[in-house]
Amino acid sequence: MNITKEACLTALSQVIDPDFKKDLVTLNMIENIEIEGNAISFTVVLTTPACPLKEHLESECRRVLKEAFGEAITIHIEMSSRVTTQRADLNFLPGVKNIIAVASGKGGVGKSTVSVNLALALAKKGAKVGLMDADIYGPSIPIMFGLEGKRPRVEEVEGAHKIIPIEKYGVKLVSIGFLVAGPQAVVWRGPMVSSAIRQFVTDVIWGELDYLLIDLPPGTGDIHLSIVSMAKPTGAIVVTTPQDVALADARKAIDMFRNPSINVPVLGVAENMSYFTPDDAPEKKYHIFGQGGGSEIAAEFDTNFLGQLPIHPAIRQGGDDGEPFLLSRGTHYADAFEEVADNVARQVAISNAPVETISV
Ligand SMILES: Nc1ncnc2c1ncn2[C@@H]1O[C@H](COP(=O)(O)OP(=O)(O)O)[C@@H](O)[C@H]1O
Ligand SMILES: [Mg+2]
């Protein structure tokens, strides 16, 4: 068969993206097709650099092309990405494609640990990532990034003061903890909090970001509603631990986002401290806080289960030392965090897709 661009597109239109249930050609994901004799090269543009289907789609492209043109062809595929967005209201945070709120019904479930390591995992895949620590009750991002006592730069832009995020480990950061000295944070009262949060949401120069994660305070009170209604997140992740008492609170968090006046899509539930695997017995899993709670609650609310994150001393240590463990690769717990990050990016891409794209 003659190798032409049209014939390549016909072959590639057999490759279906399982998330969008349409083929890559219809989805405009194939670009720059070049043909030279027996050599075909093109780019597949994914909706996120953290796409868990990357390998699958690449091998499917190879398979259909060889089926069409025979085994003798050579194929060069560049896998790239363009993160999608649905943010139309760019009066605030222009350049930020997706805002993801990380919430939990109660404190201590690992919301900040999950936010930090998800941010790092997404950045490691090549996404442009920002992290906003909006936990007025206990901002912990400065410690977790080894930035205690640091202050972000403030610049005057067109007569207004703007905060410049601090960049570390490839992630841009702003924390409410940068603005106040430690214990003061807990005695903040309504109007102060509101104005600090407003400044946070509107007066930070993030530049171009694919994902901005917001580490919310634990709970579901008025302050959450005001942060969420100011920031208008693209979606929310709810972090829980597996046991019943934590789940009751996670339900409240999901209800808050689904409240018609808030109406933020819940991207899914991440279960933290799901199990412990000792380093010297990698085949074992101890379910210290019970089992299955996170996936049960995801099913109950008809949302996605984003994955299980193990409990491990190195995770705690990394947080305390200001060197998130994800920076050192190749551990079973690092893999688990990366998998959850992939799932988050995937759910963002799905929720950004036009409705006609995801209907079968
Ligand atoms: N998966 C985990 N394994 C080990 N320690 C963890 C894990 N997740 C969180 N921690 C530790 O638990 C404590 C509370 O976590 P943190 O992220 O601050 O919770 P939150 O933000 O929900 O209050 C911290 O000391 C943190 O290092
Ligand atoms: Mg926290």
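Residues numbered from 1 in each chain as written. Chains lettered and ligands numbered in written order. Predicted model: local features only at pLDDT ≥ 70, side-chain atom pairs only at ≥ 80, totals over all residues. Heavy atoms only, no water.

> What should I look at first to understand the overall build of the protein in this one?
In terms of helices and strands, the protein carries 12 helices and 15 strands. For 360 residues, the compact-globule estimate of 2.2 N^0.38 gives 21 Å, and the protein sits close to it at 22 Å. At a minimum sequence separation of 6, the contacts of the protein that also span at least 24 residues come to 74%. Of the side-chain charges in the protein, 32 are positive and 44 negative, and the distance between the mean point of each set is 3 Å. (Helix = DSSP H or I, 4+ residues; strand = E, 2+ residues; numbered from the N terminus. Rg over C-alpha atoms; globule rule 2.2 N^0.38 Å. Contact = heavy atoms within 4.5 Å. Lys, Arg positive; Asp, Glu negative; His and termini not counted. Charge placed at Lys NZ, Arg CZ, Asp CG, Glu CD.)

> Would you mind going over the environment of Ala-39 with me for this structure?
Mapped onto the secondary structure, Ala-39 falls in strand 4 (residues 39–46). Classification of Ala-39 by relative accessible area gives partly exposed; the value is 28%. Measuring from C-alpha to C-alpha, the distance between Ala-39 and Ile-73 comes to 5.8 Å, with 34 residues separating the pair along the chain. In contact with Ala-39, other than residues within four places in its own chain, are Glu-34 and Thr-74. (Buried < 20%, exposed > 50% of the residue type's maximum accessible area, 1.4 Å probe, protein only.)

> Help me understand the site of ligand 1 in this model?
Lining the immediate surroundings of ligand 1 are 15 residues, of which Gly-108, Lys-111, Ser-112, Thr-113 and Pro-310 lie closest. Interatomic distance of 2.8 Å between a backbone N/O atom of Pro-310 and a nitrogen atom of ligand 1. Within the complex, 82% of the 560 Å² of free accessible area of ligand 1 lies under protein. Secondary structure elements with two or more residues in the shell around ligand 1: helix 3 (111–124) and helix 10 (313–321). (Near = heavy atom within 4 Å. Polar contact = N/O pair within 3.5 Å; in protein donor to acceptor, adjacent residues only side chain to side chain. Areas by Shrake-Rupley, 256 points an atom, 1.4 Å probe, with all protein chains shown as cover.)

> What is the right way to look at helix 1 (residues 5–12) in this model?
Each turn of an α-helix holds 3.6 residues, which means side chains three or four residues apart point in the same direction. Taken residue by residue, helix 1 has Ala-7, Cys-8, Ala-11 and Leu-12 as its buried positions. Taken around the axis of helix 1, the buried residues stretch over an arc of 135°, which confines them to a single face. Opposite the buried face of helix 1, at more than 90 degrees from it, the exposed residues are Glu-6 and Thr-10. Against strand 3 (30–36), strand 4 and helix 2 (54–69) lie the buried residues of helix 1. (Arc of directions from axis to C-beta.)

> What is the right way to look at the domain arrangement of the protein in this model?
Think of interface size as the accessible area that goes away when the parts come together; that is how it is often given. When its domains are assigned, the protein resolves into domain 1 (5–81) and domain 2 (96–358). For domain 1 versus domain 2, the distance between C-alpha centres works out to 34 Å. Summing the contributions of domain 1 and of domain 2, the shared interface buries around 1,000 Å²; its carbon and sulfur component is 61%. Between Arg-346 and Asp-19 there is a salt bridge, with the nearest N and O atoms lying 2.8 Å from each other. Where domain 1 packs against domain 2, one counts two residue pairs in polar contact (both at pLDDT 80 or more). (Domains from an automatic or database assignment. Buried area = accessible area lost by both parts, 1.4 Å probe. Salt bridge = Lys/Arg side-chain N within 4 Å of Asp/Glu carboxyl O.)

> Just checking my understanding: could you explain helix 8 (residues 244–258) for this structure?
Compared with an ideal rise of 1.5 Å per residue, which puts 15 residues at 21 Å, helix 8 spans 21 Å between its outermost C-alpha atoms and is within 8% of the ideal. All of the buried residues in helix 8 are Ala-246, Leu-247, Asp-249, Ala-250, Ala-253, Ile-254, Met-256 and Phe-257. Along helix 8, the residues classed as buried sweep out an arc of 165° about the axis, all on the same side. Turned more than 90 degrees away from the buried face of helix 8 sit Asp-244 and Val-245, all of them exposed. Its buried side turned inward, helix 8 meets strand 6 (96–103), helix 7 (222–231), strand 13 (235–240), strand 14 (266–272) and helix 9 (293–300). (Expected span 1.5 Å × (residues − 1).)

> Can you help me understand the layout of surface pockets in this one?
The gaps left among the atoms become clear once a water-sized probe is rolled over them. There is about 240 Å³ of room inside the second largest pocket. Lining the second largest pocket are 15 residues, and of these Gln-86, Arg-87, Lys-232, Pro-233 and Thr-234 sit closest to its centre. A breakdown of the residues in the lining of the second largest pocket according to their chemical character gives seven nonpolar, five polar and three charged. (1 Å grid on protein atoms, 1.4 Å probe; cavity = no way out; pocket = protein on both sides within 12 Å on 5 of 7 lines; lining within 4 Å. Points joined across faces, edges and corners; volume = space filled by probe spheres on them. Nonpolar A, V, L, I, M, F, W, Y, C, P; charged D, E, K, R; others polar.)

> What am I meant to see in the pattern of salt bridges here?
A side chain of one charge can pair with a side chain of the opposite charge if their charged atoms are brought near each other. Applying the stated criterion to the full structure yields 14 salt bridges. For Asp-215, the salt bridge goes to Lys-111, with nearest N and O atoms at 2.8 Å. Of this pair, Asp-215 sits in strand 12 (residues 209–215) while Lys-111 sits in helix 3, and the two are 104 residues apart along the sequence. The residue Glu-338 makes a salt bridge to Lys-124 at a minimum N-O spacing of 3.0 Å. Here the residue Glu-338 occupies a position in helix 11 (residues 332–352), and Lys-124 occupies one in helix 3, the gap between them amounting to 214 residues. Judged by relative accessible area, Glu-338 falls into the buried class, the value being 15%. Residue class for Lys-124 comes out partly exposed when judged on its relative accessible area of 35%. Salt bridges sharing partners connect three or more residues here, namely Glu-60, Arg-63 and Glu-67.

> Would you take a moment to explain the packing of aromatic side chains for this structure?
To describe a pair of aromatic rings, one takes the distance between the centres and the angle between the planes. Here the structure, examined in full by the defined rule, presents three aromatic pairs. Ring geometry for Phe-145 versus Tyr-169: centroids 5.6 Å apart, planes at 35°, classification tilted. Here Phe-145 is found in the loop between helix 4 (141–144) and strand 8 (153–157), whereas its partner Tyr-169 is found in the loop between strand 10 (166–168) and strand 11 (171–175), with 24 residues between them in sequence. Residue class for Tyr-169 comes out partly exposed when judged on its relative accessible area of 27%. These aromatic residues form a ring-pair network of at least three members: Phe-325, Tyr-333 and Phe-337. (Phe/Tyr/Trp six-rings, centres within 6.5 Å; stacked < 30°, edge-to-face > 60°.)

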